[in-house]
Each structure stands twice: as C-alpha cells, then as structure tokens.
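Residues per chain are reported as follows:
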Amino acid sequence: SEGPHNNQKGHEFRLALVRDPRFGRLVNDVVVEFGNSRYQTVMDRFTAGADVPYGELRQVWENTTIPGTLWDSPIYYEFFAAIRDVNRANGSHIRVVLGDPPIDWASIRGADQIDAYYPQRDSHAAMVIRQEVVNKNRRALVVYGEGHLLSSGPLGADTLVAILQR
C-alpha cells in the first residue's frame with residue numbers, strides 16, 4: 001500500500017526500491033493509482049527518456065478522477081523521474097502503467113459526470129493490470145492506497161484485489 005497519500009516515508013521507501021539494481025531485473029511494470037490512463041503515451045515517452053515538458057507531464061497526476069490537489073505533491077513527479085533515471089542509467093525498460101480511468105476534464109459539465117468515474121477506479125485498474133501485466137506475462141509493483149488492496153471494501157464494494165482474485 002502507498003499508506004496515507006503523500007506519505008514521505010512511503011515515498012522514500014519506493015524510491016529506494018526502484019533504485020535498487022535488482023528491481024529492474026525483477027519487475028517490468030509499476031502500476032500507479034496517481035496517474036490518469038488517458039496520458040499513458042505521455043508517461044511512456046517520459047520514462048523512455050524523451051524530453052516531455054513538465055506542463056504536459058503534470059497532467060498525468062493532476063487530471064485524475066480525484067478532483068482537488070491530492071496528487072499535487074512533488075513526490076509523485078519524483079517517483080516518475082526516479083524510474084526514468086533508472087531506465088537511463090541501467091538500460092532498464094521499467095514501464096509506469098497509469099491505473100486511473102481516462103477521464104477527460106474538458107468534457108465534464110457536472111458533478112454527475114465526475115461521480116460516474118469514481119466507481120470505475122478499481123475495475124479500471126484491474127482491467128489495466130490484466131491487459132498490460134498479466135496477459136503479457138509481465139511482473140508489476142502495484143502502488144495503490146490501502147483501501148484498494150483489501151480483499152473487500154466498505155459495504156461489500158469490490159476492491160482492486162477482490163476483482164483480480166476473481
């Protein structure tokens with residue numbers, strides 16, 4: 001689990017983990033909650049070493065289905081940059097897979113449209129993990145908040161783990 005979002009100690013652990021030389025030999029993908037899958041090509045270019053303007057890159061974590069500034073912390077950029085640096089230094093090809101549904105904020109006109117995306121967060125992430133990791137026989141580190149990683153959610157709601165277990 002990411003633990004509490006914006007958790008500095010958790011962030012430091014994840015940085016140490018991805019920077020460990022063994023990590024790139026064991027893990028192909030890192031699936032994150034803090035990235036809108038609509039911007040997967042932007043993230044792929046960035047982690048592959050292309051010059052991606054910060055204004056374009058920041059849309060990855062600023063335009064998720066969670067309105068507000070939850071992901072507007074330097075730790076999320078630092079995490080993506082660390083994977084990019086590891087890929088450059090080690091010749092690795094660790095891919096960051098963005099797990100949040102592909103919401104397009106320019107097309108949102110009301111709260112009901114925003115609310116329609118929220119229940120898709122776990123099912124979309126499970127679909128992405130199946131398509132991008134499991135079906136391709138890859139191995140991934142999944143970085144999500146603890147509520148998504150429980151075997152059952154509040155009031156019996158499906159969690160990411162429950163969906164994947166089925």
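Position numbers for residues start from 1 in each chain and track the written sequence from start to end. Per-residue local features are limited, in this predicted model, to residues with pLDDT of at least 70; the limit for side-chain atom pairs, both in listing and counting, is 80 or more; totals at the level of whole chains, interfaces and linings are taken over all residues. The side-chain values count all of the structure's non-hydrogen atoms but skip hydrogen atoms and water molecules.

> Mind showing me how you'd approach the overall build of the protein here?
Across its full length, the protein holds nine helices and three strands. Think of it this way: any DSSP run of H or I at least four residues long counts as a helix, any run of E at least two long counts as a strand, and we number them from the N terminus. Listing each helix as α and each strand as β along the protein from the N terminus yields α-α-β-α-α-α-α-β-α-α-β-α. The C-alpha atoms of the protein give a radius of gyration of 15 Å, which matches the 15 Å a tight globule of 166 residues would have. Expressed as lengths along the three principal axes of its C-alpha atoms, the size of the protein is roughly 45 × 35 × 30 Å. Buried, partly exposed and exposed residues are distinguished by accessible area as a fraction of the type maximum, computed with a 1.4 Å probe on protein chains only: under 20%, between the cut-offs, and over 50%, respectively. Per-residue burial for the protein yields a buried fraction of 45% across its 166 residues. Pairs of residues are marked as contacts when any of their non-hydrogen atoms sit within 4.5 Å. Residue pairs in contact within the protein that sit at least 24 positions apart in sequence constitute 72% of those at least 6 positions apart. For the radius of gyration, the atoms used are the C-alpha atoms, and the globule rule reads 2.2 Å times the number of residues raised to 0.38.

> Mind showing me how you'd approach the sheet that holds strand 3 (residues 140-143) here?
As a general point, the strands of a sheet are linked pairwise by backbone hydrogen bonds and lie either parallel or antiparallel. A strand pair is defined by DSSP finding two or more bridges across the two strands. Spatial strand order, 2-1-3: three strands in an open sheet with parallel pairing. Looking at strand neighbours, the two that pair on one side only are strand 2 (95-100) and strand 3, the edges of this open sheet. Between one strand axis and the next, the sheet turns by 35 degrees as a mean value, whatever way the strands run. Relative to strand 2, strand 1 (residues 29-36) runs parallel, the two being bridged by five bridges. Paired with Asp29 across the strands is Arg95, a residue of strand 2. Seen against the sheet, helix 3 (residues 40-47) touches strand 1 and strand 2 and runs at an angle of roughly 160 degrees to strand 2. The angle between two axes is taken between their N-to-C directions and runs from 0 to 180 degrees, where each axis is a line fitted to C-alpha atoms and a helix contributes only its stretch in contact.

> How should I be thinking about the packing of aromatic side chains in this particular structure?
Geometry of an aromatic ring pair is reported as the spacing of the ring centres plus the angle between the planes. Think of it this way: a Phe, Tyr or Trp ring, Trp meaning its six-membered ring, pairs with another when their centres are within 6.5 Å, and the plane angle makes it stacked under 30 degrees, edge-to-face over 60, tilted otherwise. Enumeration over the complete set of coordinates arrives at nine aromatic pairs. Here Trp61 and Tyr77 contribute two aromatic rings whose centre-to-centre distance is 6.2 Å and whose plane-to-plane angle is 55 degrees, an arrangement assigned as tilted. Here Tyr77 lies in helix 6 (residues 74-90) and Trp61 lies in helix 5 (residues 59-62), a separation of 16 residues in the sequence. Note on Trp61 and Phe80: the rings are 5.9 Å apart at their centroids and 35 degrees apart in plane angle, and the pair reads as tilted. Note that Trp61 is positioned in helix 5 and Phe80 in helix 6, a separation of 19 residues in sequence. Residue Trp61 shares its accessibility class with Phe80, and that shared class is buried. Each residue in the set Phe34, Phe46, Tyr54, Trp61, Tyr76, Tyr77, Phe79 and Phe80 is aromatic and connected to the rest through ring pairs, giving one cluster. A ring has a charge above it when a Lys NZ or an Arg CZ is no more than 6 Å from the ring centre and no more than 35 degrees off the ring normal. One Lys or Arg, Arg84, reaches over the ring of Phe46 and ends 4.5 Å from the middle of that ring.

> Sorry if this is basic, but what is going on with the environment of Asn137 here?
Tracing the backbone shows Asn137 in the loop between helix 8 (121-134) and strand 3. Sequence separation between Asn137 and Asn28 is 109 residues; the distance between their C-alpha atoms is 9.6 Å.

> Looking at this structure, I do not really get helix 6. What am I missing?
Along an α-helix, residues three or four positions apart point the same way, because every turn accommodates 3.6 residues. In a regular helix each residue adds 1.5 Å, so 17 residues correspond to 24 Å; helix 6 covers 24 Å between its end C-alpha atoms and thus fits that length. Along helix 6, the residues classified as buried are Ile75, Tyr76, Phe79, Phe80, Ala81, Ala82, Ile83, Arg84, Val86 and Asn87. Each element contacted by the buried residues of helix 6 is listed here: helix 1 (8-19), strand 1, helix 3, helix 5 and strand 2. Phi for Gly91, located one or two positions after helix 6, is positive at around 70 degrees. One less than the residue count of a helix, multiplied by 1.5 Å, gives the span that helix is expected to have.

Treat this as a map of the structure, not an account of what it does.
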